[in-house]
Amino acid sequence: MNHYRVLDCIFDKKFVYTTLEHCPEYHKNNLSIFEDILKNPTSYGILREIVFMFNYGSWNYGLETENSDLDIICVVMPTAADLLDIKEIKCKEHQYPNGIIKEVDFRIFVNKIKKGKDINLMEFFNSRYAYISSEAVIIVPEFYKNFFNYKKMDNIYCANALPLSYAYIGMAENLLDKYFTSSCSKSLANACVISNKTYSLLKLKGLEDITGTVKETNFHTLISIKKGELSLDELDEILYQSIKNLKILRVMSVYLTDLKIPTDKEDLDDFMWVCEELFKGLFVRGVESDLYIY
């Protein structure tokens, strides 16, 4: 039986440990997708062993609708042949009826998390749905403990706050540019979401006292933008505030360096150690059972 970490409500920030059988009704359909991927990975194009799986996108922000995709990242183990291949490691994307599955090599996952600026991969730390293989739990029990510790997950998430904040700001600016050219309300809503995430990240680093006139876009406004319920004047006002927010947030990010705000990377270092131990344990187990010799 597979076990999952579920954030039952995005506002209370409490992880729930559950199975498909016992999860809240609201989440059953999404976890059933996870279950099917785990039981039939090759039918989704995944040929490697899945170590972690988590979602990214609108479900993590409470902006999902009945037609929303469930976009998923699968972190997989490389094979012995992969390790001998000197070519650049690349992620793979697989379309499936409910969205996109990104297949990410474990080595890429660890490298990107250490640098802390891959927006999609960083959602691992606060994703709505996440799975960790039972083998991983057995090999490195510490990983299991971290997996359900929201405070520790937050500490790892914001350990590299400066590059992550710049990545967020860059993405939000691109989304606003897209809104300018296409008037796509989804782009504006997503820009506001990313702006809010940047603001929350910088608050975690203790910068709430120098926020200036940053005005977060509230949840109900985000829903209204996405549904196309606002007038052009209302959208223009939100656009103006969004541009203003991003300018302030970029200045706030600079303070991380200029004020030499201490960066506590102890939890990140622990996480890297756990990942190394997990990789070694899974690979040795795989080689001994001929799982990875192809």
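Scroll up to find the structure this text is about.
Treat the numbers as computed from the prediction; the structure is a model and nothing was measured.

### Section: the overall build of the chain
In step 1: Along the chain, the regular secondary structure elements total eleven helices and seven strands.
In step 2: For the chain, the C-alpha atoms occupy an extent of roughly 65 × 45 × 40 Å along the three principal directions.
In step 3: Across the 294 residues that make up the chain, the buried fraction comes to 50%.
In step 4: Of all intrachain contacts in the chain linking residues separated by at least 6 positions in sequence, the fraction that spans at least 24 positions is 72%.

### Topic: the packing of helix 8 (residues 185-204) against helix 9 (residues 219-227)
In step 1: Between helix 8 and helix 9, whose axes approach to 7 Å, the crossing angle comes to 155°. One element, helix 8, and the other, helix 9, form an angle in the roughly antiparallel class. Every pair of crossing elements has a handedness; the one defined by helix 8 and helix 9 is left-handed. Seen from helix 8, the contacting residues are S185, L188, A189, C192, V193 and N196; seen from helix 9, they are L222, I225 and K226.
In step 2: Counted by class, the contact of helix 8 with helix 9 contains six nonpolar, two polar and one charged residues.

### Looking at the packing of aromatic side chains
In step 1: Under the definition given, this model contains 21 aromatic pairs.
In step 2: With centroids separated by 6.2 Å and ring planes inclined at 5°, the aromatic side chains of F279 and F283 adopt a geometry described as stacked. Of the two residues, F279 and F283 both sit in helix 11 (residues 266-288), four residues apart, roughly one turn of that helix. For the pair shown, F279 and F283 are each scored as buried.
In step 3: Joined through ring pairs, the aromatic side chains of Y17, F52, F54, F106, F109, F124, F125, F147, F148, F271, F279 and F283 make up one cluster.
In step 4: Of note, R5 hangs over the ring of F15, and the distance from its end group to the ring centre comes to 4.1 Å.

### Some thoughts on a negative patch on the surface
In step 1: A cluster of acidic residues, D233, E234, D236 and E237, forms a negative patch on the protein surface.
In step 2: Mapping E234 onto the fold places it in helix 10 (residues 232-258).

### Comments concerning the nonpolar core
In step 1: By size, the foremost hydrophobic cluster in this structure holds 73 residues, and its most contacted members are F52, F106, F109, F143 and F271.
In step 2: Residues in contact with F143, not counting those within four places in the same chain, are F52, F124, I132, F271, V274, C275 and L278.
In step 3: Judged by nonpolar contacts, the second largest core, of 21 residues, contains I33, L38, M53 and I72.

### Observations concerning helix 6 (residues 150-157)
In step 1: Among all positions in helix 6, only Y150, M153, D154, I156 and Y157 are buried. With its buried residues spanning 165° around the axis, helix 6 presents them on a single face.
In step 2: The backbone nitrogen of K151 lies 3.2 Å from a side-chain oxygen of the residue at the head of helix 6, namely N149.

### Quick word on helix 7 (residues 161-182)
In step 1: The first and last C-alpha atoms of helix 7 sit 31 Å apart over 22 residues, in line with the 32 Å expected at 1.5 Å per residue.
In step 2: Among all positions of helix 7, only A161, L164, S165, Y168, I169, A172, L175, L176 and Y179 are buried. Angular distribution of buried residues about the axis of helix 7 spans 135°; they occupy a single face of the element. Of the exposed residues in helix 7, the ones pointing more than 90 degrees away from its buried face are N174, F180 and T181.

Scoring rules and cut-offs
- Chains are numbered independently. Their residues run from 1 in the order of the written sequence.
- Side-chain atom pairs in this predicted model are given and counted only at pLDDT of 80 or more, local residue features only at pLDDT of at least 70, and totals for whole chains, interfaces and linings cover all residues.
- The basis for every side-chain value is the complete set of heavy atoms in the structure, and neither hydrogens nor water enter the calculation.
- Labels follow the DSSP assignment, with helices taken as runs of H or I lasting at least four residues and strands as runs of E lasting at least two, numbered in each case from the N terminus.
- For the exposure calls, accessible area comes from a 1.4 Å probe over protein chains only, and a residue counts as buried if that area is under 20% of its type's maximum, exposed if over 50%, partly exposed in between.
- In what follows, residue pairs with any heavy atoms lying within 4.5 Å of each other are defined as contacts.
- Axis lines are fitted to C-alpha atoms, over the contacting stretch for helices. Their N-to-C directions set the angle, which ranges from 0 to 180 degrees.
- For classification purposes, angles smaller than 35 degrees are called roughly parallel, those larger than 145 roughly antiparallel, those between 65 and 115 roughly perpendicular, and all remaining angles oblique.
- For any pair of crossing helices, the crossing counts as left-handed if the nearer helix is rotated counterclockwise from the farther one by less than a right angle, and right-handed if it is rotated clockwise.
- Residues are grouped as follows: nonpolar covers Ala, Val, Leu, Ile, Met, Phe, Trp, Tyr, Cys and Pro; charged covers Asp, Glu, Lys and Arg; every other residue, Gly included, is treated as polar.
- Each pair of aromatic rings taken from Phe, Tyr and Trp, with Trp reduced to its six-membered ring, is defined by centres within 6.5 Å and is described as stacked if the planes are under 30 degrees apart, edge-to-face if over 60, and tilted in the remaining cases.
- For a ring to carry a charge above it, either NZ of a lysine or CZ of an arginine must fall within 6 Å of the ring centroid while also lying within 35 degrees of the normal to the ring plane.
- Within the patch definition used here, like charges are joined within 9 Å and nonpolar side chains (Val, Leu, Ile, Met, Phe, Trp, Tyr) within 5 Å, considering only residues with over 30% relative accessible area and no salt bridge.
- Surface accessibility in these figures is a Shrake-Rupley result with a 1.4 Å probe; residues are shielded only by whichever protein chains are displayed.
- Any Lys or Arg side-chain nitrogen found within 4 Å of a carboxyl oxygen on Asp or Glu counts as a salt bridge.
- His is not counted, nor are the chain ends; Lys and Arg add positive charge and Asp and Glu add negative charge.
- For charged residues, the charge sits on one atom: NZ in Lys, CZ in Arg, CG in Asp, CD in Glu.
- As used here, the term nonpolar core means buried Ala, Val, Leu, Ile, Met, Phe, Trp, Tyr and Cys residues forming a set that is joined through side-chain atoms within 4.5 Å.
- Taken from the helix axis, the directions to the C-beta atoms give the arc we talk about.
- N or O atoms within 3.5 Å of each other form a polar contact, as long as, within protein, one can give a hydrogen and the other can take it, and as long as residues adjacent in sequence are counted only when both atoms are side-chain atoms.
- How far a helix is expected to stretch is found by multiplying one less than its residue total by 1.5 Å.

Take it as geometry only, folks, not as evidence of what the structure does.
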